[in-house]
Amino acid sequence: MTQAASAGSQAMMQRDRASASLGMIVHRNEPGHSVVSMVVRDDMLNGFDVTHGGFIFALADTAFAIACNDSHHVTLAAGADITFLKPTTSGQNLTATALLRVKSGRSGIYDVRVAIDGDVTVAEFRGRSRTTNLPVPARNYL
């Protein structure tokens, strides 16, 4: 993680058992911007030997969560959608890059690009966030 990692997202990722179990690696963790990667494993493939869309969504959702948790209060997804553009398969490295588009009060809109080989876009995700009044939990699980 970068030196500019926000307290909220850093604490969140220390407890994120789901992302850890999928082998996700955080490359950039800044308020409003994150980069997360994951190598597709055989157990992530569907019946057509392509990556199950839920795993691609999970990667994009993690990048989104990191980008929008930049405070000491929990920010959650209010909604999200994804468009799958190209299939991926086992052994490929997926990289999700999340960017803040607009923030107004406690609401935000973020775009996440999921790519292989750094330049081939395989999915586009748009997340809508809502910052709560809940404090970031202090307890670590990992």
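What you are looking at is a predicted structure, and each value in this text was computed from that prediction instead of being measured. (Residues numbered from 1 in each chain as written. Predicted model: local features only at pLDDT ≥ 70, side-chain atom pairs only at ≥ 80, totals over all residues. Heavy atoms only, no water.)

### Focus: the packing of aromatic side chains
Part 1 of the argument: Under the criterion given, the structure shown has three aromatic pairs.
Part 2 of the argument: Arranged with centres 5.7 Å apart and planes meeting at 55°, the rings of F64 and F125 form a pair that is tilted. On the criterion of sequence distance, the pair formed by F64 in helix α3 (residues 53-68) and F125 in strand β6 (residues 120-135) is long-range, its members being 61 residues apart. Taken as a pair, F64 and F125 share a single burial class, namely buried.
Part 3 of the argument: Taken together through their ring pairs, the aromatic side chains of F57, F64, Y110 and F125 make up a single cluster. (Phe/Tyr/Trp six-rings, centres within 6.5 Å; stacked < 30°, edge-to-face > 60°. Helix = DSSP H or I, 4+ residues; strand = E, 2+ residues; numbered from the N terminus. Buried < 20%, exposed > 50% of the residue type's maximum accessible area, 1.4 Å probe, protein only.)

### Examining the environment of R101
Part 1 of the argument: Residue placement: R101 occurs in strand β4 (residues 93-104).
Part 2 of the argument: For the pair R101 and G32, spaced 69 residues apart in sequence, the C-alpha to C-alpha distance is 8.3 Å.
Part 3 of the argument: If we skip the residues at most four places from it in the chain, R101 touches I109, Y110, D111 and R126.
Part 4 of the argument: At 2.9 Å, the side chain of R101 and the side chain of D111 are in polar contact. (Contact = heavy atoms within 4.5 Å. Polar contact = N/O pair within 3.5 Å; in protein donor to acceptor, adjacent residues only side chain to side chain.)

### A closer look at unusual backbone geometry
Part 1 of the argument: Despite not being glycine, D49 shows a phi value in the positive range, around 60°.
Part 2 of the argument: Its place among the elements puts D49 in the loop between β2 (33-39) and α3.

### Structural notes on the sheet that holds β2
Part 1 of the argument: Strand order in the open sheet formed by six strands is β1-β2-β4-β5-β6-β3, with antiparallel pairing between adjacent strands. Of all strands in the sheet, those bounded by a partner on one side alone are β1 (25-30) and β3 (73-84). Neighbour to neighbour, the strand axes of the sheet diverge by 20° on average, direction disregarded.
Part 2 of the argument: Two strands pair when backbone bridges link them, and β4 and strand β5 (residues 107-116) are joined in this way by 10 bridges, in the antiparallel orientation. Its bridge partner being in β5, T97 is matched across the sheet by R113.
Part 3 of the argument: In this fold α3 packs onto β1, β2, β3, β4, β5 and β6, with an angle of close to 150° to the strand it touches most, β2. (Pairing = 2+ DSSP bridges. Axes fitted to C-alpha atoms, helices over the stretch in contact; angles between N-to-C directions.)

### Brief notes about the pattern of salt bridges
Part 1 of the argument: In total, this model carries five salt bridges according to the counting rule given.
Part 2 of the argument: R28 serves as the salt-bridge partner of E30, at 3.5 Å between the closest nitrogen and oxygen.
Part 3 of the argument: On the accessibility criterion, R28 (34% relative accessible area) is partly exposed.
Part 4 of the argument: A salt bridge links R101 to D111; its shortest N-O distance comes to 2.9 Å. Here the residue R101 occupies a position in strand β4, and D111 occupies one in strand β5, the gap between them amounting to 10 residues.
Part 5 of the argument: Among the charged side chains, a network of salt bridges with common partners joins R101, D111 and R126. (Salt bridge = Lys/Arg side-chain N within 4 Å of Asp/Glu carboxyl O.)

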